[in-house]
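Secondary and tertiary structure notes
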Amino acid sequence: MLKKGQSAQIIDINIDEIPLKLIEMGCLPGNDIELIQIAPMGDPLFFNVNDSKVAIRKKTARAIYISLESIK
C-alpha cells in the first residue's frame, strides 16, 4: 500500500474488479499512480493516475497491483 505522497507504477490490474471508467482514465499497467490524499474515515483514497485526479475505494484499490521499484 502506498503512503500519502508516494508514487508507484501499476504493474497489473484485476480487470473484473476495476470499473471501466478507471481504465479509461489511465488506470493501466505501465502508468504511474500517486496517493495524494486519504479521506478522514480512511475511504476513499485520492490518487493521481495519468494526470487525472480520481477517488478510489479501498476495495477497488486492492485490485490495482503496483511496484515501488519500477518508478522512475
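Under the annotation held in an unreviewed UniProt entry, the protein chain carries the name Ferrous iron transport protein A and is attributed to Flavobacterium bernardetii.

In this chain, Asp43 is followed by Pro44 through a cis amide linkage whose omega measures 10°. Its identity is not glycine, yet Asp51 carries a phi of approximately 65°, on the positive side. Here Asp51 lies in the loop between β3 (45-49) and β4 (52-56).

Right, let's get into the nonpolar core. Ile10, Ile18, Ile33, Phe47, Val49, Ile56 and Ile64 are the most contacted members of the largest nonpolar core, which totals 18 residues. Put simply, the parts of the chain that give this core at least two residues each are β1 (7-13), α1 (20-24), β2 (32-38), β3 and β4. Excluding its chain neighbours within four sequence positions, the residues that come into contact with Ile64 are Ile10, Asp12, Ile13, Ile18, Cys27 and Ile56.

Summarising the element assignment, Asn14 is placed in the loop between β1 and α1. Considering only alpha carbons, one finds Asn14 and Thr60, 46 residues apart in sequence, at a separation of 9.2 Å. Not counting residues up to four positions away in its chain, the partners in contact with Asn14 are Ala63 and Tyr65.

Definitions and cut-offs
Residues numbered from 1 in each chain as written. Predicted model: local features only at pLDDT ≥ 70, side-chain atom pairs only at ≥ 80, totals over all residues. Heavy atoms only, no water. Helix = DSSP H or I, 4+ residues; strand = E, 2+ residues; numbered from the N terminus. Core = buried A, V, L, I, M, F, W, Y, C linked by side-chain atoms within 4.5 Å. Buried < 20%, exposed > 50% of the residue type's maximum accessible area, 1.4 Å probe, protein only. Contact = heavy atoms within 4.5 Å.

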